[in-house]
Amino acid sequence: MRPEILEYNMDWMLCSIMMAASKTADGSRKEYDRLQPYIPYFSGILEPMVNAGKPGITFLKMFTDYLDNIVTAHDKGKKVALTTFCFSPSILYSIDVVPVTLEILTTFGRLMWRRGIVDYLDYCVELGLTETACSAQRGSMGAYLAGLGAHVDMVICDTPGVCDTNANSFTFAAAYLDKPYFQLNYPQTIGDERTDKYHLEDYMAMIDFLEKNTGKKLDLDRLKLTLDEIKIQDQLVSDLEDYHRLVPTPLPVIFNLFIYAGRFMFAGEPIYTKLLKEMLEVAGEKAAKGESGLTSGKENLRAFMCYIDHYAINLQFYDWLNDNGIAHLGGILSRTFNIASPYIKGLEGSGYSIDTSSIETMIDSIAQMNARMPMVRSIRGQYDKPGMWLEETLALAKMFKVDCIIYNGTPGCRNTWGMVKPFAMDLEKHGYPTHVMYGDAFDERVESWEASLERLNEFFNVRGLL
Ligand code: SF4
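In what follows, the accompanying structure is described. Throughout this document, residue positions are counted from 1 along each chain, in the order its sequence is written. In keeping with the model being predicted, local features are shown solely for residues with a pLDDT of at least 70 and side-chain atom pairs are shown and tallied solely at 80 or more, while totals for entire chains, interfaces and linings include all residues. To obtain the side-chain values, all non-hydrogen atoms of the structure were used and water was disregarded.

### Some remarks on the environment of Ser-135
Stage number 1. Helix numbering and strand numbering both begin at the N terminus, where a helix is a DSSP run of H or I of at least 4 residues and a strand a DSSP run of E of at least 2. Here Ser-135 lies in helix H8 (residues 135-145).
Stage number 2. It is 21 Å that separates the C-alpha atoms of Ser-135 and Tyr-66, two residues lying 69 residues apart in sequence.
Stage number 3. Contacts described as polar in this section are N or O atom pairs within 3.5 Å, which, within protein, must combine one atom able to donate a hydrogen with one able to accept it, while residues neighboring in sequence count only if both atoms come from side chains. Polar contacts involving the side chain of Ser-135 include one to the side chain of Asp-440, which spans 2.7 Å.

### Here we look at the sheet that holds strand E4 (residues 181-184)
Stage number 1. Taken together, 4 strands build an open sheet; the order of strands is E2-E1-E3-E4 and the sheet is parallel. The open sheet is flanked by strand E2 (97-101) and E4, the only strands paired with a single partner. Averaged over all pairs of adjacent strands, the angle between strand axes in this sheet comes to 25°, irrespective of strand direction.
Stage number 2. Two strands form a pair only when DSSP identifies at least two bridges running between them. Across 4 bridges, the pairing between strand E3 (residues 154-158) and E4 is parallel. Its bridge partner lying in E4, Ile-156 is registered against Phe-182.
Stage number 3. Contact between two residues is taken to exist if any of their heavy atoms lie within 4.5 Å; hydrogens are not considered. Helix axes use the C-alpha atoms of the stretch in contact, all axes being lines fitted to C-alpha atoms, and the angles between their N-to-C directions lie in the range 0 to 180 degrees. Each of strand E1 (79-83) and E2 is contacted by helix H6 (residues 102-112), which is oriented at about 50° to E2, the strand it contacts most.

### Some points on the site of the ligand
Stage number 1. The cutoff for a nearby residue is simple: one of its non-hydrogen atoms must lie within 4 Å of the molecule or strand. In the region of the ligand, the neighbouring residues are Phe-85, Cys-134, Gln-137, Cys-163, Thr-165, Asn-166, Tyr-307, Met-375, Thr-410, Gly-412 and Cys-413.
Stage number 2. Put simply, Ala, Val, Leu, Ile, Met, Phe, Trp, Tyr, Cys and Pro go in the nonpolar bin, Asp, Glu, Lys and Arg in the charged bin, and everything else, Gly too, in the polar bin. Here the residues of the shell around the ligand sort into 6 nonpolar, 5 polar and no charged.

### Observations concerning the environment of Gln-235
Stage number 1. With respect to the helices and strands, the residue Gln-235 is situated in helix H11 (residues 220-244).
Stage number 2. Each residue is placed in one exposure class: buried if its accessible area under a 1.4 Å probe, protein chains only, is under 20% of its type's maximum, exposed if it is over 50%, and partly exposed if it falls in between. A residue is classified by how much of its surface remains accessible, and Gln-235, at 38% relative accessible area, is partly exposed.
Stage number 3. Separated by 230 residues in the primary sequence, Gln-235 and Leu-465 have C-alpha atoms spaced 34 Å apart.

### Some thoughts on the pairing of strand E6 (residues 326-331)
Stage number 1. Most of E6 is tucked away: 6 of the 6 residues are buried.
Stage number 2. As defined by bridge partners, strand E5 (residues 301-305) adjoins E6 across 4 bridges and the pair is classed as parallel. Note on E6: the bridge partner recorded for Arg-302 is Ala-327.

### Structural notes on the side chain of Asn-370
Stage number 1. Assignment of secondary structure puts Asn-370 in helix H15 (residues 359-370).
Stage number 2. Looking at Asn-370, the relative accessible area reads 1%, which means it is buried.
Stage number 3. If near-sequence neighbours (up to four positions away) are discounted, Asn-370 is found in contact with Cys-86, Phe-87, Ser-88, Asp-158, Leu-184, Tyr-203 and Val-376.

### Comments concerning unusual backbone geometry
Stage number 1. A cis amide bond, omega 0°, links Val-247 with the succeeding residue Pro-248.
Stage number 2. Its place among the elements puts Pro-248 in the loop between H11 and helix H12 (254-266).
Stage number 3. Non-glycine residue Asp-96 carries a positive phi angle of around 65°.
Stage number 4. By secondary structure assignment, the location of Asp-96 is in the loop between helix H5 (90-93) and E2.
Stage number 5. Of the residues examined, Asp-96 reaches a relative accessible area of 30% and is grouped as partly exposed.

Structure (structure tokens):
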């Protein structure tokens with residue numbers, strides 16, 4: 001790792017940057033404009049956030065809070081857990097544990113900080129982790145392995161069936177840092193009684209693990225509050241999804257990122273509810289006027305991201321969509337799969353509901369919600385089995401009236417690389433032009449953003465889509 005990278009803790013540094021960034025919108029527009037020449041390095045990411053209006057500013061503050069929680073956790077007597085985006089943080093908040101969701105830190109580090117993320121990525125490999133392990137974890141995990149972050153107390157993630165490289169990265173981190181480790185088994189099937197029972201028992205074992213390693217009991221009143229808040233949040237997301245069904249969709253492209261990143265950081269926390277309400281307000285105003293959410297103002301095409309987005313620095317992927325009039329209809333990350341969601345009608349048995357009437361129903365609800373997190377829900381086995389990736393993608397593509405489908409991941413996504421070609425051919429057979437991106441969502445050294453862009457443009461031109 002370059003010596004200058006060793007100067008600062010990653011989470012502290014990102015927190016300091018975000019704290020300053022989130023205050024820039026508190027002044028007048030004139031003050032904000034005057035500031036621009038002094039922050040050439042960050043204006044590319046700050047500008048689209050501030051231009052997103054109230055939700056953009058709330059998102060900046062929310063991410064600042066998230067980082068501040070990590071940096072100050074031990075001073076506040078809380079424990080810190082390394083975890084993953086396919087594990088809901090809500091249970092951790094109910095037992096006063098601060099989540100460090102590695103993929104969130106990598107994503108925003110990548111979007112806003114040109115220099116350092118690659119050093120952390122490579123540092124994991126220097127320590128012995130394979131270079132084909134998912135970059136989404138490595139991009140921030142390297143900092144924690146190097147001692148450049150908050151002291152980690154425990155590691156919690158899912159089992160390899162969801163994603164082997166993801167699970168192996170957490171296993172590696174737990175072994176290297178010598179920390180207590182819990183892997184929650186992913187449910188083999190969703191919605192059958194035997195598996196639900198097993199999953200519930202496994203989830204209870206995880207709660208025992210948390211209680212043992214924090215010395216605290218799960219706060220049931222707090223859990224109820226969290227679940228009640230998630231109920232509200234799921235309804236708000238569902239309302240946003242309803243707006244997505246309109247042509248043109250009134251949702252700005254960047255709202256998709258806010259929906260899922262907010263959920264991965266603060267599911268069940270009031271700040272995420274605030275963000276969702278503000279997004280709904282913006283979408284509602286645009287919908288009433290029949291306006292597109294695209295900054296170009298005109299929706300030429302509707303694209304569905306069947307996997308994850310591309311996090312090229314300064315939101316260049318989102319800029320490209322905006323510039324070309326391509327609406328982003330969400331992806332695997334943005335869907336909650338609460339039974340209130342509009343798409344559940346085409347995917348019976350895939351949804352979960354929240355019942356806070358007793359301790360048992362609360363724990364069952366949160367375990368079932370966890371079983372619907374991205375990848376756990378639909379990328380844990382054969383892509384063309386009922387309820388899995390293909391069926392889900394087709395149902396969502398139909399509901400949101402998409403014109404094309406884009407796959408993007410990382411070289412580490414072996415679960416999806418093993419099936420992406422037949423999956424894409426099946427989507428084509430159903431009439432959806434499908435483009436497979438070959439880059440790495442978090443590491444532009446695999447394929448430069450310019451090369452990815454060239455292939456995207458080629459696809460849209462050759463298929464006569466634009
Ligand atoms: S499926 Fe892909 S993006 Fe998700 S954790 Fe695994 S390797 Fe990373």
